[in-house]
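Examination of the molecular architecture
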Amino acid sequence: MTAHSAIAIDPTPAPVNLLGLDRAGMVALFASLGEPRYRAEQVMKWIYHRHETDFAAMTDLGKALRAKLEAACVVTPPKILFDKPSADGTHKWLLGMDGGNAIETVFIPDKGRGTLCVSSQVGCAMACTFCSTGTQGFNRNLTVAEIVGQVWIAAKHLGNIPHRQRKLTNVVMMGMGEPLMNFDNVVPAMSVMRDDLGFGLANKRVTLSTSGLVPMIDKLGEVADVSLAISLHAPTDALRSSLVPLNKKYPIEQLLASCLRYAQRKPRTSITFEYTLMKGINDQPEHARGLAKLMRGFNAKLQRENAAKVNLIPFNPFPGTGYTRPPEEDIRQFQTLLMHSQVLTTVRRTRGDDIDAACGQLKGRVLDRGGRQARFNRTLAAHTAGNTLAGAGQPSEHQPGDVDAAA
Ligand code: SAH
Ligand code: SF4
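The structure presented is a predicted model; accordingly, all values stated were derived computationally and were not measured.

1. Considering unusual backbone geometry
- Positive phi is not limited to glycine here, since Lys 111 has a value of about 35°.
- Positioned with a positive phi, Gln 303 is a non-glycine residue whose angle comes to about 55°.
- Position of Gln 303 among the secondary structure elements: in the loop between helix H10 (285–302) and strand E13 (308–314).

Structure below.
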């Protein structure tokens, strides 16, 4: 075949995965196919309310449209590699990505609500020292279809139908990855979660958790109305920078200022501050007092009690970490100190222990591009049982699988 004839071949464009489009994207795609808006909406209902992936089964569309869709589109969720229920109702999925990568998604039912913990990246580059994903380094951002696909898989498994059979009531972007580093894909994915023709979740029931990318928090405030959770973990810059390296770029004062701007957009908005408690690191009374002062200052600026909520997360250990979880008594004391300072404080109850579905325990599989995983593994091998790695500047990230639960 000559080079010329190769150019002449018109390759069939790759089919569009409809899980990668929010409502605006669907309407635009259907317009390009010469189809009206209501057809796009009809197909969304098939996908998200009836969990249908086969256009042939979408019987009310008409033959011609079904043929068009079959030629140009697909509805392809991520591949389930592994699917594991836990005794307490928690359910974990290991989902295969390209090239041997894998991510995790966890469903946690609790007292009339069901929360899905969704990943935004394969790995994470933020290198927080107490988080297991970070030890695996970073590979890439997830696409919109891969983020929406996680929710779709859980919704189908649960038989969730928005407004009728509500099994999935909350989504937290607290799985693998830093969602604000994947802003352009996370925002449309959250739009499908909140769309009545999508998963139909109320705005405040979709939560984005961030380690504190200040400019992107402001950008989020401009385009989306979702609940915001901030991974704070320390009351001072010196301590926070040692746990969350990003703090060196965006210190606490700047971070809290951006949270204030986010909360000021709408009356009654509150911000959750996550605080992973690590024994002997950030769990002392002086830390609780420092945190209480920051939170009270935040409430005062918004002139509202409980504008800031603290969610304490007892550290979840993972192989190779040097951090440990404080004793239950210290966790209670930390909470009590905050509550006595009029700071609304909950303790996150770990769920899915028997399937390693807790915060910082989700593993996935990351083909690291930066060598962090190899460095961590080398250090792990060099330190035989008992030695700590956390002090050795090991990066890590997290992946959670548990939800807020009032203590
Ligand atoms: N990257 C985002 C979202 C995912 S992390 C963020 O950092 O906010 C979700 C939460 O789990 C964060 O608050 C994170 O700090 C916390 N976390 C990470 N590793 C943990 C561990 N080993 N034990 C307890 N919480 C952890
Ligand atoms: Fe990334 Fe983990 Fe830090 Fe979150 S806690 S930003 S997932 S390293």
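Resuming the write-up.
2. Regarding helix H6 (residues 183–194)
- Under the 1.5 Å per step criterion, the end-to-end length of H6 is 16 Å for 12 residues, consistent within 8% with the ideal 16 Å.
- Among the 12 residues in H6, nine count as buried, and that is most of the element.
- Taken together, the buried positions of H6 are Asn 185, Val 186, Pro 188, Ala 189, Met 190, Ser 191, Val 192, Met 193 and Arg 194.
- Residues of H6 that are buried make contact with helix H2 (23–32), strand E8 (138–141), helix H5 (144–158), strand E9 (170–173) and strand E10 (206–210).

3. Some points on the packing of H2 against helix H3 (residues 37–48)
- Contact pair H2 / H3: the axes reach a minimum separation of 8 Å and the direction vectors enclose 125°. Classed by the angle they form, the pair H2 and H3 counts as oblique. Like other packed secondary-structure pairs, H2 and H3 cross with a definite hand, here right-handed. Across the interface between the two elements, Arg 23, Met 26, Val 27 and Phe 30 of H2 pack against Arg 37, Arg 39, Ala 40, Val 43 and Met 44 of H3.
- Tallied by class, the residues present in the contact of H2 with H3 amount to six nonpolar, no polar and three charged.

4. What about the environment of Val 214?
- In this structure, Val 214 sits in helix H7 (residues 214–223).
- Under the C-beta neighbour-count criterion, Val 214 is labelled buried, with 20 such atoms within 10 Å.
- Separated by 43 residues in the primary sequence, Val 214 and Ala 257 have C-alpha atoms spaced 8.8 Å apart.

5. Notes on the nonpolar core
- If you look at the biggest cluster of nonpolar residues, it comprises 104 residues, and the most contacted ones within it are Val 148, Val 151, Met 193, Met 295 and Val 310.
- No other element matches H5, which puts nine residues into this core.
- Mapped onto the domain boundaries, this core takes at least three residues apiece from domain 1 (16–74) and domain 2 (79–355).

6. Digging into the pairing of E10
- Among the five residues that make up E10, five are buried, leaving the element largely enclosed by the rest of the structure.
- Along E10, one buried face is formed by Val 206, Leu 208 and Thr 210 and the opposite face, lined by Thr 207 and Ser 209, is buried too.
- With H6 bridging E9 and its parallel neighbour E10, the resulting β-α-β unit is right-handed.
- Bridging between E10 and strand E11 (residues 227–231) involves four bridges; their strand directions are parallel. When the bridges of E11 are listed, Thr 210 appears paired with Ile 230.

Conventions we followed
Position labels on residues start from 1 in each chain and follow its written sequence. Key to labels: chains lettered from A, ligands numbered from 1, both in the order written. Local features are withheld for residues below a pLDDT of 70 in this predicted model, meaning they are given only at 70 or higher, and side-chain atom pairs are given and counted only at 80 or more; totals for whole chains, interfaces and linings count all residues. Secondary structure follows DSSP: runs of H or I at least 4 residues long count as helices, runs of E at least 2 residues long count as strands, and numbering of each begins at the N terminus. Every helix has an expected span of 1.5 Å times one less than the residues it contains. Burial in this document is a count-based property: other C-beta atoms within 10 Å of a residue's C-beta are tallied, and the residue is buried at 20 or more, exposed at 12 or fewer, or partly exposed in between, with C-beta positions derived from the backbone. We call two residues in contact if the C-beta atoms placed from their backbones are at most 7 Å apart. Axis lines are fitted through C-alpha atoms, for helices just across the contact stretch, and the angle between N-to-C directions can take any value from 0 to 180 degrees. Roughly parallel means an angle under 35 degrees; roughly antiparallel means over 145; roughly perpendicular covers 65 to 115; every other angle is labelled oblique. Should the near helix be turned anticlockwise from the far one by less than a right angle, the crossing is left-handed, and should it be turned clockwise, the crossing is right-handed. Gly is put with the polar residues, along with every residue not named as nonpolar or charged; the nonpolar set is Ala, Val, Leu, Ile, Met, Phe, Trp, Tyr, Cys and Pro, and the charged set is Asp, Glu, Lys and Arg. By convention in this section, buried Ala, Val, Leu, Ile, Met, Phe, Trp, Tyr and Cys residues joined through C-beta atoms within 7 Å make up a nonpolar core. Here the bounds of each domain stem from an automatic or database domain assignment. A clockwise course of the path from the first strand over the helix to the second, judged with the strands pointing away from the viewer, identifies a crossover as right-handed. In this analysis, strands are considered paired if DSSP registers two or more bridges between them.

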